[in-house]
Amino acid sequence: MNPLVERWVRQQIRALSVYHVPDPGNLIKLDAMENPYGWPQSLVQEWLQCLREVALNRYPDPEARAVKQRLHEVMAVPEGQDILLGNGSDELIQIIAMAVAAPDRVVLAPEPSFVMYRMISAFVGMRYVGVSLLAEDFRLDMAALKKAIAQHTPAVVFLAYPNNPTGNLWPRAQLEEIIALAPGIVVIDEAYAPFASRSFMGDLGRYDNLLVMRTVSKMGLAGLRLGLLCGPTDWLSEFNKIRLPYNINVLTQASAEFALGHRETFEAQAQRIREDRQSLYDRLNGLPGIKAFRSEANFILFRTPEGRADELFESLKRQGVLIKKLSGHALLDDCLRVTVGTPEENEQFLQALSKAL
Ligand SMILES: *Cc1c(COP(=O)(O)O)cnc(C)c1O
């Protein structure tokens, strides 16, 4: 390696692996929690009409006011609570981390959870503390969490609700306890809110350290890259200083404003996905040696017979279906994750898995 690279790129960064996204080719794509449904032709036409009006030669509205207004409504952000927009919620995680980063400061999250919490902590030079979930059904280990909070005084606690990649919602009372105990910010990451039965959005304003993060990615607009952080203005106005100007481009702003005006389309799709999740869950659990875990998101985590996850993943791929191989945590041994697709895609996945078994 170029010795200059070694000298100057921090060890914490050199130790990372790049966030790998496989090329799906022609495979049925059930790996990334995308909504499998497009829009009716009439809606596509209307959208294209909107895009015609967009001035690409001009910078976007730096505050994206029209989009924020729509989001306030559609996401039911409580009156008096503010919104900060990010280029995906990934960017918001990064902004929060940058705002509080110092070498001795800690980001804490249960594990396994969304890998970006750990990666972004490294990007900004913070310490990351992962507190393992309980092996049985991925419940929170409250004793370990309380101990870790007392020991490390985390600047930020990230709680994915529902959790990725396990799909479960932890008991509300436990999260309230963590919010009350945490010395710093608690971010409830509700990326899967369209598929979940509970939310903390309505609790904003009840705590001085609670923020709720959402995204339009999983509801069906992953290509736009738009996430939102909701909460009290005194936090968000500080974070807003770090946000690069014009982080939400004109095409995203125009498209999101349009799409959010047609929420009934997305709500119907989410409803469909929730119903199909139930039958996918039932059928997975009907397969020999497979244990599927209950999910409140648009994916299902399942455990395969011991030592067979890699081989089953490869076999599915050869049969034309791409799902997600999980690694990096002992609790995920033998586990794979599948996104709920269209009924036809789910059927092909189940047939392929059945054959592979
Ligand atoms: C997918 C996901 C995100 C990232 O969302 P983007 O808005 O697409 O960046 C954030 N948090 C969790 C838990 C996720 O699963």
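The text that follows walks through the structure, step by step, so that each part is easy to find. (Residues numbered from 1 in each chain as written. Predicted model: local features only at pLDDT ≥ 70, side-chain atom pairs only at ≥ 80, totals over all residues. Heavy atoms only, no water.)

## A word on empty space enclosed by the protein
Part 1: One pass over the full model with this rule turns up one cavity of 30 Å³ or more.
Part 2: Residue lining of the largest cavity: Pro-62, Glu-63, Ala-64, Lys-68, Ile-83, Leu-84, Leu-85, Asn-240, Arg-243, Asn-247 and Ile-248, and that is the complete set.
Part 3: Here the lining of the largest cavity takes three residues from strand S2 (residues 82–86), the largest share from any one element.
Part 4: Among the residues forming the lining of the largest cavity, the class breakdown is six nonpolar, two polar and three charged. (1 Å grid on protein atoms, 1.4 Å probe; cavity = no way out; pocket = protein on both sides within 12 Å on 5 of 7 lines; lining within 4 Å. Points joined across faces, edges and corners; volume = space filled by probe spheres on them. Helix = DSSP H or I, 4+ residues; strand = E, 2+ residues; numbered from the N terminus. Nonpolar A, V, L, I, M, F, W, Y, C, P; charged D, E, K, R; others polar.)

## Quick notes on the sheet that holds strand S9 (residues 291–292)
Part 1: Within the open sheet, the four strands sit side by side as S9-S10-S13-S12. Their pairing is antiparallel. At either margin of the open sheet sits one strand with a lone partner, and together these are S9 and strand S12 (324–325).
Part 2: Pairing between strand S10 (residues 299–303) and strand S13 (residues 335–339): five bridges, direction antiparallel. Within S13, the residue paired with Phe-299 across the bridge is Thr-339.
Part 3: Where helix H12 (residues 263–285) meets the sheet, it contacts S9, S10 and S13, and its direction lies at approximately 10 degrees from that of S10. (Pairing = 2+ DSSP bridges. Contact = heavy atoms within 4.5 Å. Axes fitted to C-alpha atoms, helices over the stretch in contact; angles between N-to-C directions.)

## What to know about the pairing of strand S3 (residues 106–111)
Part 1: The buried fraction of S3 is high, at six of six residues.
Part 2: Pairing of S3 with strand S4 (residues 127–132), which is carried by six bridges, proceeds in the parallel orientation. When the bridges of S4 are listed, Val-107 appears paired with Tyr-128.
Part 3: Crossover connection from S3 via helix H6 (residues 115–123) to parallel S4: handedness right-handed. (Buried < 20%, exposed > 50% of the residue type's maximum accessible area, 1.4 Å probe, protein only. Right-handed = clockwise from strand over helix to strand, strands pointing away.)

## Notes on the layout of surface pockets
Part 1: Approximately 1,500 Å³ is the volume attributed to the largest pocket.
Part 2: Residue assignment for the lining of the largest pocket shows that the elements contributing at least two residues are helix H5 (89–100), S3, H6, helix H9 (217–221), helix H13 (309–318) and S12.
Part 3: Looking at the lining of the largest pocket, its residues break down into 26 nonpolar, 11 polar and 13 charged.
Part 4: In this model, the second largest pocket occupies a volume close to 350 Å³.
Part 5: If you trace the second largest pocket, you find 16 residues lining it, with Val-74, Ala-193, Pro-194, Arg-214 and Glu-267 closest to the centre.
Part 6: The biggest single contributor to the lining of the second largest pocket is H12, with five residues.

## Structural notes on the site of the ligand
Part 1: Taken together, 13 residues form the shell around the ligand, and within it Asp-189, Tyr-192, Thr-215, Ser-217 and Lys-218 come nearest.
Part 2: Interatomic distance of 2.6 Å between a side-chain N/O atom of Tyr-192 and an oxygen atom of the ligand.
Part 3: Lys-218 has a polar side-chain atom sitting 3.1 Å from an oxygen atom of the ligand.
Part 4: A total of 390 Å² of accessible area belongs to the ligand in isolation, and the protein chains cover 94% of it.
Part 5: Its atoms largely coinciding with the cavity grid, the ligand occupies the largest pocket.
Part 6: The set of elements that each furnish at least two residues to the shell around the ligand consists of H5 and H9. (Near = heavy atom within 4 Å. Polar contact = N/O pair within 3.5 Å; in protein donor to acceptor, adjacent residues only side chain to side chain. Areas by Shrake-Rupley, 256 points an atom, 1.4 Å probe, with all protein chains shown as cover. Sits in = over half its atoms within 2 Å of the grid points.)

## Quick look at the packing of H5 against H6
Part 1: Two numbers describe how H5 lies on H6: the axes approach to 10 Å, and their chain directions differ by 45 degrees. Relative to H6, the element H5 lies oblique. The chirality of how H5 crosses H6 is right-handed. In contact with Asp-90, Ile-93, Gln-94 and Ala-97 of H5, H6 contributes Met-116, Tyr-117, Ile-120 and Phe-123. (Parallel < 35°, antiparallel > 145°, perpendicular 65-115°, else oblique. Left-handed = near helix turned anticlockwise from the far one by under 90°.)

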